[in-house]
Amino acid sequence: RRLLAASALVLAAASSGSASAQTPPAARTLTVGVFSAPPYTMKSAGGTWQGIAVDLWDAIARELGLQYRFQELEPDAALTGVEAGGLDALVGPVAVTPEREQRVDFSHMFYTTGLGIAVPRRPEGIRWASLARAFLSPAFLGALLGWLALLVAAGAVTWLLERQRNPKDFGGGAVSGIGAGVWWSAVTFTGVGYGDKIPMTVAGRVVAVTWMLVSVVLVTFFTGFVSARVAISHFEQIRTAADLRNFRVAVVDGSPAVEYLRRQRVKARRFAHLADAVRALAREEVDGLVHGEAALKYEIQREFSGVVNVLPDLLEREFYAFPLPTGSPLRESLNVALLRVTTQPAWRDIQFRYLGH
């Protein structure tokens, strides 16, 4: 009898589950999983959900006349709930992958995104200020003082070697003689070579030839420094992913960007929260920030619009869709409504509301 009773219970549960699965979605209240992931899904102070994915789902539900309730879960638990059939759908930034496609069905994709690169916005005046700082930097000033020291040393040595054999050009007291030697070393360095002072001794000419060679090296160094700083003053900003290794890069700990930068062998400064990383970028404590494009744009337009920009290139593209249980009767009608809603101006309004574009 106990065996018969247990069998009856199993059959009754199976019949109940089958009847629920066959119930048209519009005839019952759907249970929809959700998790917090700004700007796609966010809970307001009043406890209601909003965001790009939430507003899109709500528009689709109104289009189809669906009743639903949200159930907040962790992302992995929510996807498992869809796979097991406990949830009718999942709303959030869920990327379509081959592994997930084997576990659940997906709606049509509604958003294409990826990792974005945010950089400070630098007006022309800031670039010239950066150029001025370069010429006032300790490294450049140290090189300049070193050059002046060599200039004086070359002039003084030439005076010592030439003052007796060539008093016409390098004679006189120490002050006037060294002054003449410095004048000679300066015109030799610049390549002007007036010819009014010429070393006559063998030792003096050896010094002259040596100084000419040194001058070529020093002129090349200073020319290269100036050219590089002029170029950098206009382009000292990350332009593409290839530039990341040469700049100070920030990343949010635990985000997909951490793994991406690790694979690219880019060292990055880690921040606990996206808001902190964006503030550091706005203060130019870092040169770039790699994070999800939509989250970057959402955070920037809230506080740093006009101060920080997101580059147009995307890294590691992802395609977001709504997960559904395998064989869900909702899928076909959902896809039709999704295509209809995303071709209307209201979809652009939703994106503008959260991303500012």
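Below or above, wherever it landed, is the structure these notes cover. In every chain, residue numbers begin from 1 and rise along the written sequence. In keeping with the model being predicted, local features are shown solely for residues with a pLDDT of at least 70 and side-chain atom pairs are shown and tallied solely at 80 or more, while totals for entire chains, interfaces and linings include all residues. Remark: hydrogens and water are excluded; side-chain values derive from all non-hydrogen atoms of the structure.

1. Section: the nonpolar core
Here's step 1: Only buried residues count toward a nonpolar core, which is a set of Ala, Val, Leu, Ile, Met, Phe, Trp, Tyr and Cys residues joined through side-chain atoms within 4.5 Å. The classification of residues rests on relative accessible area computed with a 1.4 Å probe and restricted to protein chains. Under 20% of the type maximum is buried, over 50% is exposed, and intermediate values are partly exposed. Among the nonpolar cores identified, the biggest contains 34 residues, and Leu56, Trp57, Ile60, Phe110, Tyr111 and Phe322 are the most heavily contacted of them.
Here's step 2: Here a strand is any run of E in DSSP of at least two residues, a helix any run of H or I of at least four, and the numbering for each starts at the N terminus. Listed by contribution, the elements that provide at least two residues to this core are β1 (29-34), α2 (52-64), β5 (89-91), α12 (293-303), α13 (331-342) and α14 (345-355).
Here's step 3: Take this core: its biggest share by element is 8 residues, from α2.
Here's step 4: Any two residues whose heavy atoms approach within 4.5 Å are treated as being in contact. With residues up to four places along the chain from it excluded, the contact list for Ile60 reads Phe322, Leu334, Ala337, Leu338 and Val341.
Here's step 5: With 16 residues, the next largest nonpolar core counts Ala250, Leu281, Val286 and Ile300 among its residues.

2. A closer look at the sheet that holds β5
Here's step 1: Spatially, 3 strands are ordered β4-β1-β5 in an open sheet, and the strand pairing comes out parallel. Only two strands of the sheet have a single partner each, and these edge strands are β4 (67-72) and β5. In this sheet, adjacent strand axes meet at a mean angle of 40° when their direction is disregarded.
Here's step 2: In terms of strand pairing, β1 meets β4 through 6 bridges, oriented parallel. Counterpart to Thr31 in the pairing with β4 is Arg69.
Here's step 3: Contacts between α2 and the sheet are confined to β1, β4 and β5, with β4 contributing the most and set at about 155° to the helix. One bridge is not enough; two strands pair if DSSP finds at least two bridges between them. Working convention: axes come from line fits to C-alpha atoms, limited for helices to the stretch in contact. Angles between N-to-C directions cover 0 to 180 degrees.

3. What to know about helix α3 (residues 75-84)
Here's step 1: For α3, the complete set of buried residues consists of Ala78, Leu79, Gly81 and Val82. For α3, the angular spread of the buried residues around the axis is 155°, confining them to a single face. In α3, the exposed residues that point more than 90 degrees away from the buried face are Asp76 and Ala84.
Here's step 2: Of the residues flanking the end of α3, it is Gly85, one or two places downstream, whose phi is positive at about 90°. The arc refers to the directions leading from the helix axis to the C-beta atoms.

4. Digging into the packing of α12 against α14
Here's step 1: The geometry of α12 relative to α14 is characterised by a closest axis approach of 8 Å and an angle of 60° between their N-to-C directions. One way to sum up the angle between α12 and α14 is to call them oblique. Across the interface between the two elements, Ala294, Lys297, Tyr298 and Gln301 of α12 pack against Arg353, Tyr354 and Leu355 of α14.
Here's step 2: Classification used: nonpolar for Ala, Val, Leu, Ile, Met, Phe, Trp, Tyr, Cys and Pro, charged for Asp, Glu, Lys and Arg, polar for all others including Gly. Tallied by class, residues from the contact of α12 with α14 come to 4 nonpolar, 1 polar and 2 charged. Any angle that falls under 35 degrees is termed roughly parallel, while one over 145 is termed roughly antiparallel, one within 65 to 115 roughly perpendicular, and all others oblique.

5. Considering the environment of Ala250
Here's step 1: Position of Ala250 relative to the elements: it lies in strand β8 (residues 249-252).
Here's step 2: Spatially, the C-alpha atoms of Ala250 and Ala118 are 9.6 Å apart, while their sequence positions differ by 132 residues.
Here's step 3: Discounting residues that sit within four places of it in the chain, Ala250 has contacts with Arg269, Phe271, Val286, Gly288, Leu289 and Val290.

6. So, the side chain of Glu293
Here's step 1: Locating Glu293 in the fold gives a position in helix α12.
Here's step 2: According to the relative accessible area criterion, Glu293 is buried, its value standing at 10%.
Here's step 3: Think of a polar contact as two N or O atoms within 3.5 Å of one another; within protein, one of them needs to be a possible hydrogen donor and the other a possible acceptor, and neighboring residues in sequence only count if both atoms come from side chains. Of the polar contacts made by the side chain of Glu293, one reaches the side chain of Thr113; its length is 3.3 Å.

7. Concerning unusual backbone geometry
The general pattern is negative phi for most residues beyond glycine and trans for most peptide bonds.
Here's step 1: For the bond running from Pro38 to Pro39, omega is 0°, close enough to zero to count as cis.
Here's step 2: When you line up the elements, Pro39 lands in the loop between β1 and β2 (42-43).
Here's step 3: With phi around 55°, Arg265 is a residue other than glycine that occupies positive phi space.
Here's step 4: Relative to the assigned elements, Arg265 resides in the loop between α10 (256-263) and β9 (268-271).
Here's step 5: On the accessibility criterion, Arg265 (70% relative accessible area) is exposed.
Here's step 6: Phi is positive for Glu284, close to 60°, though the residue is something other than glycine.
Here's step 7: The residue Glu284 is located in the loop between α11 (274-282) and β10 (288-292) in this model.

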